[in-house]
Structures are given as C-alpha cells and as structure tokens.
Amino acid sequence: MENIFDIKTEDDFLAASLKTFRYQYDNIEVYRKFVDYLKIDPKEVCSLDNIPFLPIEMFKNHQILNKNISTDLFFQSSGTTQMNLSKHFIADENIYQESIYKSFEQFIGKPEDFIFLGLLPSYLEKQNSSLIYMVDYLMKKSGRPENGYFLYNHEDLFKLLNELKDKKVILFGVSFALLDFLDFFNANSQTLQFSDSLTVIETGGMKGRKEEMTKDELLKILQSGFKTDKIYSEYSMTELLSQAYSLGQNEYKSPNWMRILIRNVEDPFSYEKEGKTGAINIIDLANIHSCSFIATQDLGKIVGDKFQVLGRIDHSDIRGCSLLVS
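Please read all numbers here as calculations on a predicted model, not as lab measurements.

So, how was this worked out
- Residues numbered from 1 in each chain as written.
- Predicted model: local features only at pLDDT ≥ 70, side-chain atom pairs only at ≥ 80, totals over all residues.
- Heavy atoms only, no water.
- Helix = DSSP H or I, 4+ residues; strand = E, 2+ residues; numbered from the N terminus.
- Buried < 20%, exposed > 50% of the residue type's maximum accessible area, 1.4 Å probe, protein only.
- Contact = heavy atoms within 4.5 Å.
- Polar contact = N/O pair within 3.5 Å; in protein donor to acceptor, adjacent residues only side chain to side chain.
- Axes fitted to C-alpha atoms, helices over the stretch in contact; angles between N-to-C directions.
- Parallel < 35°, antiparallel > 145°, perpendicular 65-115°, else oblique.
- Nonpolar A, V, L, I, M, F, W, Y, C, P; charged D, E, K, R; others polar.
- Patch = residues over 30% accessible without salt bridge, like charges linked within 9 Å, V, L, I, M, F, W, Y side chains within 5 Å.
- Areas by Shrake-Rupley, 256 points an atom, 1.4 Å probe, with all protein chains shown as cover.
- Salt bridge = Lys/Arg side-chain N within 4 Å of Asp/Glu carboxyl O.
- Expected span 1.5 Å × (residues − 1).
- Phe/Tyr/Trp six-rings, centres within 6.5 Å; stacked < 30°, edge-to-face > 60°.
- Lys NZ or Arg CZ within 6 Å of the ring centre and 35° of its normal.
- Core = buried A, V, L, I, M, F, W, Y, C linked by side-chain atoms within 4.5 Å.

Caption draft 1: Representation of the environment of Glu-112. Examined against the element boundaries, Glu-112 turns out to sit in the loop between α4 (93-107) and β4 (115-119). Glu-112 sits in the partly exposed class, given a relative accessible area of 30%. For the pair Glu-112 and Arg-144, spaced 32 residues apart in sequence, the C-alpha to C-alpha distance is 8.3 Å. Excluding residues within four positions of it along the chain, Glu-112 makes contact with Tyr-101, Lys-141, Ser-142 and Arg-144. One polar contact links Glu-112 to Tyr-101, side chain to side chain, over a distance of 2.9 Å.

Structural data, given as structure tokens:
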C-alpha cells in the first residue's frame, strides 16, 4: 500500500486495491460492519466489482479511520451551519501532499513552474477545507512571491493578472466567483491582456449564488470571458485525498491510483457499461487509513479512458467540488 504512487498497470491497481480492501476491513470498524451487514465474505472478494463501496453519507455520522490511529487533523465539507457536514480524518498528511503533487504533475505540470492565485471565497471563509489545503500546498511548492488568494477584491486580481501576463499562472476559482469576476471587468468595460500563459482551473460550486447551469455552459462562458481554451476543471471532494482533472470538454482523467466505476442507480451491486449514465463509485487508494471505496451521489459515465460528471442524484446534498447540477 505504501507503493500506490508507483502503480503502472491494471494488474498493479487490482493487487493494491485488494490489499487495501483487506487492510481496511481489518482496521476500519465502520467499514467492517458495513461489509458484514452485506454478508460479504472478504476472502471471496477477488475483483474490483466485488468490493463493497461505502456510501459517502457515512462520513457525516461516523469517524472513518483506522481504529489504531488517533489524529486531530480533519477536513470538513462545505455547507450551511444547519447541515450535518462530512468530516474526513487524516492519519498521514504526507500521503495527501504526495497525491496533490503527483496528480498535478501528471495532468498540468510541475507546481514549481507556476504562479498560483486562488479565487475561492466560500472556502477561505470556512475552516478545514481540503481544497484550501491543496492550493496552499501547491503555492508552497511553487514558492513564488506573487502567489496569493482573493476574496471579493476583483480589481486587485484584475490588475495582478495583467501584470503577470507574460508568466505562467494558474488561477483556481470556485465557479460562482469566476463568474462574478467576469461580471466585474465586463461592467467596467475592461479586458484582460493575457496570452496563453493563463490557465483557469474551476473547482465547481454555485452554492446558491448563481443560477445553476450545465458544466458545458459554464466552460463556454469562462472560455469566452477569459479568452482562452485553457479552462480546466478539478474533481475531488472532502472524502477523497486524490484529484481528477479535466483539460476541457468536461472529460476527466484520474491518476494511476484512482479509478471510477459507474454503478446502476437502482441496483448498487451492478455496474453500467461504457457510455451509460449511472452513479459514480470511486476507488481512491490514497485514502489508505480511512476508506478507499466510496459510493458517491454524483452521476456520470465512462467515455473511453475518461469519465464525465453529469449531475447529482435527486435529494442529495449540493456540494461544490467541481460539480454543477445539470
């Protein structure tokens, strides 16, 4: 399990997944009870399809953590104070840091090559955000003095982006804040003088601030407003320690230690073929000491070696980790 970041082949992934499943069955009490409740014999689990996936809602009411480990570090999902929020307890933050670095490097490039700016007001205003931890870590690896966050000071961000027009810049932004930023400089009849050096990575989330729209509609607005096709998306959530990235077209690729399966909405123990819509199950082997096998409330489908995120199952909580309700 310590070598998950060295996974190269499907056989490697299967072997690591089965080893992780047995480790978590033995050490994660909530997961063990869940597997036993389903009357599944761990010894008979020999494929990815056989592995039981823990409903993501369990993170709201239970501590999903190795029974032999104590930790004060946790990430908490975004939402209102009236919501029962998910908590993901982190036994080893070095694993999260390595996952952040290697995922970013695999899909975008080395963090040291970029300036990082964050337009993430809803996350900055709350504590224990895994997204802020991720961007903080990328900024630390970058080490650039221009790195920084912006809340609602759109004019300052506008000026800085123009000053950095000849440098490689990553702008992480929650969806509603990016749209607000575009509204700001359109209202002031200003335009960005930017080359292809700017990359915008939207992290999803309208949070009731804007009218909901499809991901395709959002990407078109951002591409037009920022005058670049380099509008990327990041897909993750509080309950995961890995990130998938879309480099356009709402099609995501996951890192080598993460897989997406599409389950049948009516039958959680059967899986859909490529191209058919269903609910997203995630294997995240970076979740070594919590749970690597999670049944989400997100809808999606497999497209070749990529996957699409299409919305949410009805009656589930609205969460903003790179997801817009279609």
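Let us keep going from here.
Caption draft 2: Main features of the packing of helix α7 (residues 154-163) against helix α8 (residues 175-187). Interaxial distance between α7 and α8 falls to 10 Å at its minimum, and their mutual angle equals 80°. Classified by the angle their axes make, α7 and α8 are roughly perpendicular. Residues His-154, Glu-155, Leu-157, Phe-158 and Leu-161 of α7 form the contact with α8, whose own contacting residues are Ala-177, Asp-180, Phe-181, Phe-184 and Phe-185. Looking at side-chain class alone, the contact of α7 with α8 contains seven nonpolar, one polar and two charged residues.

Caption draft 3: Main features of a nonpolar patch on the surface. Nonpolar side chains collect at one region of the surface, where Leu-124, Leu-151 and Tyr-152 lie side by side and expose about 250 Å² of accessible area between them. Tracing the backbone shows Leu-124 in helix α5 (residues 121-124). Looking at Leu-124, the relative accessible area reads 31%, which means it is partly exposed.

Caption draft 4: Examining α8 more closely. End to end, α8 covers 18 Å across 13 residues, agreeing with the expected 18 Å (1.5 Å per residue, within 8%). Against β4, α5, α7, β6 (169-173), β7 (198-202) and α9 (215-226) lie the buried residues of α8. Downstream of α8 by one or two residues, Ser-189 has phi in the positive range, about 55°.

Caption draft 5: Broad picture of helix α6 (residues 130-142). In a regular helix each residue adds 1.5 Å, so 13 residues correspond to 18 Å; α6 covers 18 Å between its end C-alpha atoms and thus fits that length. α6 sits mainly inside the fold: ten of its 13 residues count as buried. The backbone nitrogen of Leu-131 has a side-chain oxygen 3.2 Å away, supplied by the residue at the start of α6, namely Ser-129. Note on α6: the residue one or two positions beyond its end, Gly-143, has a positive phi of about 70°.

Caption draft 6: Quick look at the pattern of salt bridges. Using the criterion set out here, one finds ten salt bridges in the structure. In this structure, Arg-259 engages Glu-10 in a salt bridge whose closest nitrogen and oxygen atoms are separated by 2.8 Å. Of the two residues, Arg-259 is situated in strand β11 (residues 258-263) and Glu-10 in helix α1 (residues 10-27); the sequence distance between them amounts to 249 residues. On the accessibility criterion, Arg-259 (18% relative accessible area) is buried. Glu-146 serves as the salt-bridge partner of Lys-167, at 3.2 Å between the closest nitrogen and oxygen. Remark: Glu-146 occurs in the loop between α6 and β5 (148-150) and Lys-167 occurs in the loop between α7 and β6; sequence separation between them is 21 residues.

Caption draft 7: Spotlight on the packing of aromatic side chains. According to the stated counting rule, one finds 20 aromatic pairs in the structure shown. Ring geometry for Phe-74 versus Phe-89: centroids 5.5 Å apart, planes at 45°, classification tilted. Of the two residues, Phe-74 is situated in strand β2 (residues 74-76) and Phe-89 in strand β3 (residues 87-89); the sequence distance between them amounts to 15 residues. In this pair, the class of Phe-74 matches that of Phe-89, namely buried. One aromatic cluster in this structure is built from Phe-104, Phe-107, Phe-114, Phe-116, Phe-172 and Tyr-245. Sitting over the ring of Phe-74, Lys-87 keeps its end group 4.6 Å from the ring centre. Sitting over the face of the ring of Phe-114, Lys-168 holds its NZ or CZ atom 4.7 Å from the ring centroid.

Caption draft 8: Structural view of the side chain of Asp-298. Relative to the elements of secondary structure, Asp-298 occurs in strand β13 (residues 293-303). Side-chain polar atoms of Asp-298 contact the side chain of Tyr-235, separated by 2.6 Å.

Caption draft 9: Structural detail: the side chain of Asn-66. Looking at the element boundaries, Asn-66 is found in the loop between α3 (58-61) and β2. Judged by relative accessible area, which is 5%, Asn-66 ranks as buried. In this structure, Asn-66 is in contact with Tyr-23, Asn-27, Ile-28 and His-289, ignoring residues within four places of it in sequence.

Caption draft 10: View of the nonpolar core. The biggest cluster of nonpolar side chains holds 100 residues, and the ones touching the most others in it are Tyr-31, Phe-104, Leu-117, Phe-172 and Phe-226. Beyond its immediate stretch of four places on either side in the chain, Tyr-31 contacts Phe-21, Gln-24, Tyr-25, Ile-51, Pro-52, Leu-54, Cys-291 and Phe-293.

Just distances and angles here, no functional claims.
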